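Residues per chain, in single letters:
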Amino acid sequence: MSEHQQSNEQQSEAGPGWDRRDFVRMGGLGTAALALGATGALAGAGPAGAADEDRPLRFKADGTFKIVQFNDTQDDERIDRRTIELMEKVLDAEQPDLVVHNGDNITGGCANATEMKQAMNNIVQPMESRQIPWVITYGNHDEDSTPETGMDEEDMLAFYRSYGYNLNQPSPKGVTGSGNMNLLIRGARGQRPAFGLFLLDSGRYAPDTIAGQDFSGYPDWDWLRMNQVHWYTETSELVEKRAGHKVPALMFIHIPLWEYRFMWFASVDSRTDADHARAVAKHGIVGERNEDECPGPFNSGMFSAILDRGDVRGVFCGHDHVNTYVGNYYGVMLGYAGNTGFGTYGLSGAERNRLRGARVFNLTDQGEDVDIETHMVFAADFGMDLTANDQSVDPLPLPGGRRK
């Protein structure tokens, strides 16, 4: 096939309105930018990592695409060496097409900006050295070193985006948090999207008070704000309009939704073993729950919006390190990725590191839909040292040749 013939075929498959620049760039610039994509108005937008037309996210010729989710690597510049080892072993075994670092990527303990950059560099080098595209979301611990270093989440986002294989975008204006974005994955042929990812910043902690009332007795984590729910809804609608059909997607947030707890017990108020047994049968739950879910004090309404739109097939979080379960809650998978970082809390005693791992997603494009298979892989699967001790090492060297 000649280049001219191939170009014409790709244009016809893409359908009206889809341009090759629409994919990575449209996600982080907000819904107004989505509407401008067909005019070429995004062409001057600063790229995230290498330009997507040079290295697009695309299903393979056999219709498959693989994602690995790492959660809660959560260490300072002196990372536990096994965290990096686990990431490397997972990447080498799974050969993913994309990695999602889903929050609490680093934590406190960094005394200055250089140490903070070293902490971030530690957990991106496994992908960079293997030339694997990757994205990050934020959790409640990513800014723990900000008071000492002066680097906030926007500064961190700029640092992450300076790496060659990062696909994050600038934060959309008017949307709470940093790094909220929609990332589209093309089918094996043409320009039309086959799948999408919604990445949201679930925040840090609740404010001290609202309307003069504190949060004593309530969870004091943060929650998705209504403008983030609106951003998801509007972006979803625009993607559907441009594609001509609903584009199936996954959503990644760090802090779980309240619906996770409802699903585990198939109940709001009753939380007994019998309730959970009923939930397993009803929702197909697999995996472990070793601590209570820790959502914020308010239900954001995101799950209701997801049901209304009908495109997000699963929501995946971290935050609660020793939970690994996933289930089907009224047609939407709700799942944990467990905990990748050996430097954080785990199970008690000698079992501390038993659940260190990552979640794998195997996507298969079936033409009109995408099948999603997901499972956990654990450090134990690779014969790693699970001793309950600290094995921190000097930071990896900061690369000198990163794009500025």
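Before reading further, recall that the structure is shown in the block above.
My aim in this report is to walk through the structure given alongside it, one point at a time. (Residues numbered from 1 in each chain as written. Predicted model: local features only at pLDDT ≥ 70, side-chain atom pairs only at ≥ 80, totals over all residues. Heavy atoms only, no water.)

Here we come to the overall build of the protein chain. In terms of helices and strands, the protein chain carries eleven helices and 13 strands. When contacts within the protein chain are restricted to residue pairs at least 6 apart in sequence, long-range pairs at least 24 apart make up 75% of them. Accessible surface for the protein chain amounts to roughly 15900 Å². Of this, 49% is attributable to carbon and sulfur atoms. (Helix = DSSP H or I, 4+ residues; strand = E, 2+ residues; numbered from the N terminus. Contact = heavy atoms within 4.5 Å. Areas by Shrake-Rupley, 256 points an atom, 1.4 Å probe, with all protein chains shown as cover.)

Looking now at the packing of helix α9 (residues 258-265) against helix α10 (residues 273-283). The packing of two helices is summarised by the inter-axis angle and the distance between the axes. The contact between α9 and α10 brings their axes to 5 Å, and the two run at 100 degrees. Taken together, α9 and α10 sit at an angle that is classed as roughly perpendicular. Here M263, W264 and F265 of α9 come into contact with α10, specifically with D275, H276, R278, A279 and H283. (Axes fitted to C-alpha atoms, helices over the stretch in contact; angles between N-to-C directions. Parallel < 35°, antiparallel > 145°, perpendicular 65-115°, else oblique.)

Across the sheet, which stays open at both edges, the six strands sit in the order β4-β5-β8-β9-β11-β10 with mixed pairing between neighbours. The sheet is open, and its two borders are formed by β4 (181-186) and β10 (326-329), each paired with just one other strand. If you compare each strand with its neighbour and ignore which way they point, the axes differ by 20 degrees on average. Relative to strand β11 (residues 332-336), β10 runs antiparallel, the two sharing four bridges. (Pairing = 2+ DSSP bridges.)

This part takes up the nonpolar core. By size, the foremost hydrophobic cluster in this structure holds 34 residues, and its most contacted members are F70, V99, M120, M127, W134, M156 and Y160. Where this core is concerned, the elements lending two or more residues are β1 (64-70), α4 (81-94), α5 (113-128), β3 (134-137), α7 (153-161) and β12 (357-365). The biggest single contributor to this core is α5, with six residues. In this structure, L224, F265, F303 and V332 belong to the second largest nonpolar core, which totals 32 residues. (Core = buried A, V, L, I, M, F, W, Y, C linked by side-chain atoms within 4.5 Å. Buried < 20%, exposed > 50% of the residue type's maximum accessible area, 1.4 Å probe, protein only.)

The next point concerns the pairing of strand β2 (residues 98-102). Across the five residues of β2, five count as buried, placing the element largely inside the fold. Direction of pairing for β1 relative to β2: parallel, over a ladder of four bridges. Its bridge partner being in β2, I67 is matched across the sheet by L98. Handedness of the crossover joining β1 and β2 through α4: right-handed. In this structure, β2 lies alongside β3, joined through four bridges in parallel fashion. Residue pairing for β3: N102 is matched across the bridge by T137. (Right-handed = clockwise from strand over helix to strand, strands pointing away.)

The next subject is the pattern of salt bridges. When the charged atoms of two side chains lie near each other, side chains of opposite charge can form a pair. For the structure shown, the criterion picks out 18 salt bridges. For K66, the salt bridge identified is with E94, shortest N-O distance 2.9 Å. Pair noted here: K66 is in strand β1 and E94 is in helix α4, with a separation of 28 residues, a long-range link. The same class applies to K66 and to E94, which are both buried. (Salt bridge = Lys/Arg side-chain N within 4 Å of Asp/Glu carboxyl O.)

Now for the environment of Q74. If you trace the backbone, Q74 turns up in the loop between β1 and α4. Considered as a pair, Q74 and G343 are 269 residues apart in the sequence and their alpha carbons are 7.1 Å apart. Those residues in contact with Q74 that sit more than four places away from it in its chain are D104, N105, I106, T107, H141, H321 and T344. A polar contact is formed between the side chain of Q74 and the side chain of H321, at a distance of 3.2 Å. (Polar contact = N/O pair within 3.5 Å; in protein donor to acceptor, adjacent residues only side chain to side chain.)

The terminal C-alpha atoms of α5 lie 21 Å apart, and with 16 residues this matches the ideal 22 Å at 1.5 Å per residue to within 8%. A maximum bend of about 35 degrees is found in α5 at N122, where proline P126 lies one to four positions downstream. In terms of residue burial, α5 counts as a mostly covered element, since twelve of its 16 residues are buried. Among the residues of α5, those classed as buried are E115, M116, Q118, A119, M120, N121, N122, I123, V124, P126, M127 and E128. Buried residues in α5 make contact with β1, α4, β2, β3, α6 (146-149) and α7. Backbone nitrogen of T114 and a side-chain oxygen of the N-cap are separated by 3.2 Å at the start of α5; the cap is N112. (Expected span 1.5 Å × (residues − 1). Bend = angle between axes of the 7 residues up to and from the residue.)

With that settled, the discussion passes to the packing of aromatic side chains. Tallied over the entire structure, the rule returns 19 aromatic pairs. Their ring planes at 85 degrees and their centres at 5.4 Å tell us that F159 and Y163 sit as a pair that is edge-to-face. Y163 carries the same exposure label as F159, and that label is buried. Here F252 and F361 contribute two aromatic rings whose centre-to-centre distance is 5.7 Å and whose plane-to-plane angle is 85 degrees, an arrangement assigned as edge-to-face. Note that F252 is positioned in strand β8 (residues 249-252) and F361 in strand β12, a separation of 109 residues in sequence. Exposure class is identical for F252 and F361. Each is buried. (Phe/Tyr/Trp six-rings, centres within 6.5 Å; stacked < 30°, edge-to-face > 60°.)

The strands making up a sheet associate through backbone hydrogen bonding, with each pair oriented either parallel or antiparallel. With mixed pairing, five strands are arranged side by side in an open sheet as β3-β2-β1-β12-β13. Pairing within the sheet leaves two strands with one partner each, and these edge strands are β3 and β13 (370-378). Neighbouring strand axes in the sheet, compared pairwise and without regard to direction, differ in orientation by 20 degrees on average. Alignment of β12 against β13, held across nine bridges, turns out to be antiparallel.

This next bit is on the environment of D222. Counting through the fold element by element, D222 comes out in the loop between β7 (213-214) and α8 (226-243). In this structure D222 comes out as buried when scored by relative accessible area, which is 10%. Considered as a pair, D222 and P297 are 75 residues apart in the sequence and their alpha carbons are 7.5 Å apart. If near-sequence neighbours (up to four positions away) are discounted, D222 is found in contact with S202, G203, R204, Y205, A206, I255 and G296. There is a polar contact of 3.1 Å between the side chain of D222 and the backbone nitrogen of R204.

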